2 protein chains.
Amino acid sequence: MESMDDARERLSLNQITTERWSLKEAVEGSARADIPWIGLWRHKVAETGLAESKRLVRDAGLSVSSLCRGGMFPAASADERRNKLDDNRRAIEEASELGAEVLVLVCGAAPDRDIDSARQWVEEGIAQLVPFAQAHGIRLGIEPLHPMFAAERSVVVTLAQANAMAEKYTPQQVGVIIDVFHVWWDPDLYVQIKRASGRILGFHVSDWIVPTPDMLMGRGMMGDGVIELRRIRKAVEAVGYQGPIEVEIFNQTIWDQAGDEVLALLKTRFARHV
Amino acid sequence: MESMDDARERLSLNQITTERWSLKEAVEGSARADIPWIGLWRHKVAETGLAESKRLVRDAGLSVSSLCRGGMFPAASADERRNKLDDNRRAIEEASELGAEVLVLVCGAAPDRDIDSARQWVEEGIAQLVPFAQAHGIRLGIEPLHPMFAAERSVVVTLAQANAMAEKYTPQQVGVIIDVFHVWWDPDLYVQIKRASGRILGFHVSDWIVPTPDMLMGRGMMGDGVIELRRIRKAVEAVGYQGPIEVEIFNQTIWDQAGDEVLALLKTRFARHV
């Protein structure tokens, strides 16, 4: 077993977990709680301003585990798809400015019934972004989302699919993000974790609550659900991943709690369950 | 394209679609609407009585496409698992008595965090049922459920997994049920449909509504969502399936509509979209 020090060194607050906090509050809260990493969201960065966000993170002595999110490639018209690529380029510039190593890609849904075309647009979008990302020192992390989000958020829904997309590039260019909430159900999970060796650019934890109260907002604090968190973590580490572990929870009850309490609880749960 | 006659000959009302109707009402409603097949549910059969249910179906001139449902194999104790097997044997006897060719298996969830053990119990449960089912002339249809049900209803969540389980037996013993709602998101869908050739024991249609109002009750009428219904149907037929096509919709709004109206609508939608 790893020491508590090791766990503490790798813990990252994905700031959506404390959704009511501004970026400043999340950064300062993480520093108070001795959490060394933070995963930032673009809308929070935009509220605070890019330069000010960068300054706040640096002054607090934090490192940025990832920026959420790029992606959302599919759209009905070529114009819209170009606009989405432009937005992804801005996301890459922001990630670079903030010192994030990874831009998380939530790849987007089909604008109609044609899921194959949407998947093709995702592939084309990534292909067009890679040189720009590489020039900015940013790696693209394809995050497969749970299949229940296939119609609204991402046509990339399995780690096998994300791996196949990433393997067209070097691991310095494109890898995968493994979020337990999205992949825990997959009979092929451990095979695909092995296949992702060297390309895992992020590892996110939360839990799957039973009964599940809501598709989007139903994630739970680690230990409150049925996911084999430690088993998945060990599998991810067994193939070499030693980077930050983000706690990313969409849950209204947690969002309504005081941020400092949430951070105290997630540290306890992280040590016990992850 | 198939003729309207062909479509009409294959249409089946899964009686959960008219949840407020008793078995008698569903049978008589189907006959009125010229729908030749019906998929029965055990709790509806139990309300009406097995012999009476059989008589009603026969007198209306309907055929039973399937009985829902067996399965639910995993449980924490060996005693509970034995009880569940006993219940599956009763389901097989009922299916046989009703003249259904197939018992649909919804395989069950893990009683704890151990999804691998639950999957093993499913395999063991099926192995123990096969001789009994065969002796009664009933084929077991493994229905992979959507991964969002992995924690509460079925640890069998992909067609690949259902195929692998079924392939341990002859197609006369065990096959798969393909329900578009559960599998439409799968990047491997068409490969797995081909693999299921000769083992497809049922084909269920509904739709995936956007935005999705609810995990269990959010299914839509065909045409109201994003599933490529005709493409999937054609793929299923291309590998030889020519059996009944069940319309199975869990949706409170549809359940609250008058049954005859629902049947009229589903016939129209079936002809247009399936």
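Conventions adopted
- Residues numbered from 1 in each chain as written.
- Chains lettered and ligands numbered in written order.
- Predicted model: local features only at pLDDT ≥ 70, side-chain atom pairs only at ≥ 80, totals over all residues.
- Heavy atoms only, no water.
- Helix = DSSP H or I, 4+ residues; strand = E, 2+ residues; numbered from the N terminus.
- Rg over C-alpha atoms; globule rule 2.2 N^0.38 Å.
- Buried < 20%, exposed > 50% of the residue type's maximum accessible area, 1.4 Å probe, protein only.
- Contact = heavy atoms within 4.5 Å.
- Areas by Shrake-Rupley, 256 points an atom, 1.4 Å probe, with all protein chains shown as cover.
- Lys, Arg positive; Asp, Glu negative; His and termini not counted.
- Charge placed at Lys NZ, Arg CZ, Asp CG, Glu CD.
- Phe/Tyr/Trp six-rings, centres within 6.5 Å; stacked < 30°, edge-to-face > 60°.
- Buried area = accessible area lost by both parts, 1.4 Å probe.
- Salt bridge = Lys/Arg side-chain N within 4 Å of Asp/Glu carboxyl O.
- Polar contact = N/O pair within 3.5 Å; in protein donor to acceptor, adjacent residues only side chain to side chain.
- Nonpolar A, V, L, I, M, F, W, Y, C, P; charged D, E, K, R; others polar.
- Pairing = 2+ DSSP bridges.
- Least-squares fit on C-alpha atoms with pLDDT ≥ 70 in both.
- Axes fitted to C-alpha atoms, helices over the stretch in contact; angles between N-to-C directions.
- Disulfide = S-S within 2.5 Å.
- Expected span 1.5 Å × (residues − 1).
- Arc of directions from axis to C-beta.
- 1 Å grid on protein atoms, 1.4 Å probe; cavity = no way out; pocket = protein on both sides within 12 Å on 5 of 7 lines; lining within 4 Å.
- Points joined across faces, edges and corners; volume = space filled by probe spheres on them.

Brief notes about the overall build of chain A
Then comes step 1: Along chain A, the regular secondary structure elements total twelve helices and ten strands.
Then comes step 2: Its C-alpha atoms give chain A a radius of gyration of 17 Å, near enough to 19 Å, the size a compact globule of 274 residues would have.
Then comes step 3: Each principal axis of the C-alpha atoms in chain A carries an extent, and together these give about 45 × 45 × 35 Å.
Then comes step 4: Looking at chain A as a whole, 58% of its 274 residues qualify as buried.
Then comes step 5: A separation threshold of at least 6 residues defines the contact pool for chain A, and within that pool the share at least 24 residues apart is 79%.
Then comes step 6: Of the roughly 10300 Å² of accessible surface on chain A, 48% is carried by carbon and sulfur atoms.
Then comes step 7: For chain A, the distance from the average position of its 32 positive side-chain charges to the average position of its 40 negative side-chain charges is 2 Å.

Looking at the packing of aromatic side chains
Then comes step 1: Within the structure shown, the criterion is met by nine aromatic pairs over all chains.
Then comes step 2: Here F250 of chain B and W255 of chain B contribute two aromatic rings whose centre-to-centre distance is 6.1 Å and whose plane-to-plane angle is 45 degrees, an arrangement assigned as tilted. Neither residue differs from the other here; F250 of chain B and W255 of chain B are each classed as buried.
Then comes step 3: Clustering of aromatic rings is evident, with ring pairs tying together W41, F250 and W255 of chain A.

Looking at the interface of chain B and chain A
Then comes step 1: If you look at the interface, chain B gives 29 residues, while chain A gives 29 residues.
Then comes step 2: Between chain B and chain A the total buried area reaches about 2500 Å² when both faces are included, carbon and sulfur atoms providing 61% of it.
Then comes step 3: When the area that chain B buries against chain A is broken down by residue, the three leading residues are R113, W185 and M215 of chain B, summing to 24%.
Then comes step 4: Inspection of the region where chain B meets chain A yields two salt bridges.
Then comes step 5: Across the pair D116 of chain A and R231 of chain B runs a salt bridge, and its minimum N-O distance is 2.6 Å.
Then comes step 6: The tally of links from chain B across to chain A stands at ten residue pairs in polar contact (both at pLDDT 80 or more).
Then comes step 7: For the side of chain B that touches chain A, the element with the highest residue contribution is helix α6 (residues 115–135) of chain B, accounting for three residues.
Then comes step 8: Along the lines of polarity and charge, the residues of the side of chain B that touches chain A split into 15 nonpolar, six polar and eight charged.

Some remarks on the pairing of strand β7 (residues 200–205) of chain A
Residue and element names in this part refer to chain A.
Then comes step 1: For β7, the tally of buried residues reaches six of six residues, placing the bulk of the element in the interior.
Then comes step 2: Summarising the sheet, strand β6 (residues 174–179) and β7 pair through four bridges and their orientation is parallel. Directly across from V176, in β7, lies its bridge partner I200.
Then comes step 3: Here β7 pairs with strand β10 (residues 245–247) via three bridges, running parallel. Looking at β10, one finds that H204 is bridged to E246.

Points about the relation of the copies chain B and chain A
Then comes step 1: It takes a turn of 180 degrees to lay chain B on chain A, together with a shift of 0.0 Å along the axis; the resulting RMSD is 0.0 Å. The operation mapping one copy onto its partner corresponds to a two-fold rotation axis.
Then comes step 2: Both copies contact each other with a shared surface, as 100% of the interface residues of chain B are interface residues in chain A too.

Let's talk about the sheet that holds strand β6 (residues 174–179) of chain B
Paired through their backbone hydrogen bonds, the strands of a sheet run either parallel or antiparallel.
Residue and element names in this part refer to chain B.
Then comes step 1: Reading around the circumference, β1-β2-β3-β4-β5-β6-β7-β10 is the order of the eight strands in this closed barrel, with parallel pairing throughout. Adjacent strand axes in the sheet meet at a mean angle of 30 degrees when their direction is disregarded.
Then comes step 2: Bridge count for strand β1 (residues 11–14) against strand β10 (residues 245–247) is three bridges, and the pairing is parallel. Note that in β10 the partner of S12 across the bridge is E246.
Then comes step 3: Sitting on the sheet, helix α2 (residues 23–32) is in contact with β1 and β2 (37–41), with an inclination near 170 degrees to β2.

Brief notes about the state of the cysteines
Then comes step 1: For the coordinates displayed, the defined rule picks out zero disulfides over all chains.
Then comes step 2: C107 of chain A provides the cysteine sulfur closest to C68 of chain A, a residue in no disulfide bond, and the two sulfurs are 13 Å apart.

Notes on helix α12 (residues 259–273) of chain A
Residue and element names in this part refer to chain A.
Then comes step 1: For α12, with 15 residues, the first-to-last C-alpha span of 20 Å sits near the 21 Å given by 1.5 Å per residue.
Then comes step 2: Those residues of α12 not exposed but buried are G259, V262, L263, L266, R269 and F270. Each buried residue of α12 lies within a common arc of 135 degrees when the element is viewed along its axis, so the set occupies one face.

Examining the sheet that holds strand β4 (residues 102–106) of chain A
Residue and element names in this part refer to chain A.
Then comes step 1: Pairing is parallel around the closed barrel formed by eight strands, whose spatial order is β1-β2-β3-β4-β5-β6-β7-β10. Sheet twist, expressed as the mean angle between neighbouring strand axes with direction ignored, is 30 degrees.
Then comes step 2: Bridge count for β4 against strand β5 (residues 139–142) is four bridges, and the pairing is parallel. What sits directly across from V104, in β5, is G141.
Then comes step 3: Set on the sheet, helix α7 (residues 159–166) makes contact with β5 and β6; between it and β6 the angle comes to about 165 degrees.
Then comes step 4: In the packing of α12 onto the sheet, the strands contacted are β1 (11–14), β7 and β10, and the crossing angle to β1 comes to about 140 degrees.

Remarks on the environment of G108 of chain B
Then comes step 1: Within the secondary structure, G108 of chain B sits in the loop between β4 (102–106) and α6.
Then comes step 2: The spatial distance from the C-alpha of G108 of chain B to the C-alpha of F149 of chain B is 9.3 Å, given a sequence separation of 41 residues.

With respect to the environment of R119 of chain A
Then comes step 1: Assignment of secondary structure puts R119 of chain A in helix α6 (residues 115–135).
Then comes step 2: Judged by relative accessible area, which is 11%, R119 of chain A ranks as buried.
Then comes step 3: When near neighbours in sequence (up to four residues on either side) are disregarded, R119 of chain A contacts V155, V157, Q161 and M165 of chain A together with W185, D186 and P187 of chain B.
Then comes step 4: Only 2.9 Å separates the side chain of R119 of chain A from the backbone oxygen of V155 of chain A, close enough to count as a polar contact.

Some thoughts on the layout of surface pockets
Then comes step 1: Reported here for the largest pocket is a volume of approximately 570 Å³.
Then comes step 2: Lining the largest pocket we find 26 residues, and of these T158 and A160 of chain A together with D186, P187 and D188 of chain B sit closest to its centre.
Then comes step 3: Of all the secondary structure elements, the ones that give two or more residues to the lining of the largest pocket are α6 and α7 of chain A together with α7 (159–166) and α9 (189–195) of chain B.
Then comes step 4: Looking at which element gives the most residues to the lining of the largest pocket, the answer is α6 of chain A, with five residues.
Then comes step 5: For the lining of the largest pocket, the class distribution of residues is eleven nonpolar, six polar and nine charged.
Then comes step 6: Taken as a whole, the second largest pocket encloses approximately 290 Å³ of empty space.
Then comes step 7: Around the second largest pocket, the lining is made up of 18 residues, and of these D214 and M215 of chain A together with P213, D214 and M215 of chain B lie nearest the centre.

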